[in-house]
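Spelled out, the chains give:
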Amino acid sequence: MTAVPVKTTDSAKAKYTRDMVDNKKDPSCGMPLTAGIEDTAHYNGKVYGFCSDECKQIFLKNPVALAKTAEMK
C-alpha cells in the first residue's frame, strides 16, 4: 500500500470557516465543526477541518482509517 502525502496548515496563521472544508464533523473525535475549526489538513484531494490540534495529530497518525469514517458534506 502506497502512503498518500498529507499537507497541513498552521492554525496560528489562518482562520477557518465551514465553507473551507469538506467534512461536517471532526474525523478524530466527531465534534461538529459548527463549534469552530482550529486547523486543517489536506488529504487525498479533500480538506479536513479539526476542532483542535490534538485531533489533527490523531488524524495524521492514521488518515486512511479516519478519512473513511469522516462525515463529509
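The present account deals with the structure reproduced in this document. Note that this is a predicted model, so its numbers are computed, not measured. (Residues numbered from 1 in each chain as written. Predicted model: local features only at pLDDT ≥ 70, side-chain atom pairs only at ≥ 80, totals over all residues. Heavy atoms only, no water.)

### Observations concerning the side chain of Asp26
Rule in force here: Every helix listed is a DSSP run of H or I at least four residues long, and every strand listed is a run of E at least two residues long, numbered separately from the N terminus. Each residue gets one of three labels from its accessible area relative to the maximum for its type: buried under 20%, exposed over 50%, partly exposed in between, using a 1.4 Å probe on protein chains only. The charge count treats Lys and Arg as positive and Asp and Glu as negative. His and the chain ends do not count. The salt bridge criterion pairs a side-chain nitrogen of Lys or Arg with a carboxyl oxygen of Asp or Glu, the two atoms within 4 Å. In protein, a polar contact requires one atom able to donate a hydrogen and another able to accept it; more generally it is a pair of N or O atoms within 3.5 Å, and residues adjacent in sequence count only if both atoms are side-chain atoms. Throughout, a contact is declared for two residues whenever any of their heavy atoms are within 4.5 Å.
Note on placement: Asp26 falls in the loop between β1 (6-8) and β2 (39-43). No salt bridge is formed by the buried Asp26, whose closest oppositely charged neighbour, Lys56, lies at an N-O distance of 11 Å. Side-chain polar atoms of Asp26 contact the backbone nitrogen of Cys51, separated by 2.8 Å. Residue contacts for Asp26: discarding those within four places in its chain leaves Met31, Leu33, Gly49, Phe50, Cys51, Ser52 and Cys55.

### A word on the packing of aromatic side chains
Here is the rule we go by: Ring geometry is summarised as follows: Phe, Tyr and Trp rings, the Trp one being its six-membered ring, pair when their centres sit within 6.5 Å, and such pairs are stacked at plane angles under 30 degrees, edge-to-face over 60 and tilted between the two.
Across all of its chains, the model carries four aromatic pairs by this definition. Each ring, one from Tyr43 and one from Tyr48, has its centre 6.3 Å from the other, and the planes form 50°; the classification is tilted. This pair shows no difference in class: Tyr43 is buried, exactly as Tyr48 is. Seen from their ring centres, Tyr48 and Phe59 are 5.1 Å apart, and the 35° between their planes marks the pair as tilted. With Tyr48 in strand β3 (residues 46-50) and Phe59 in helix α1 (residues 53-61), this pair connects stretches of sequence that are eleven residues apart. On the basis of relative accessible area, Tyr48 is assigned to the buried category, the value being 5%. The class for Phe59 is buried, based on a relative accessible area of 0%.

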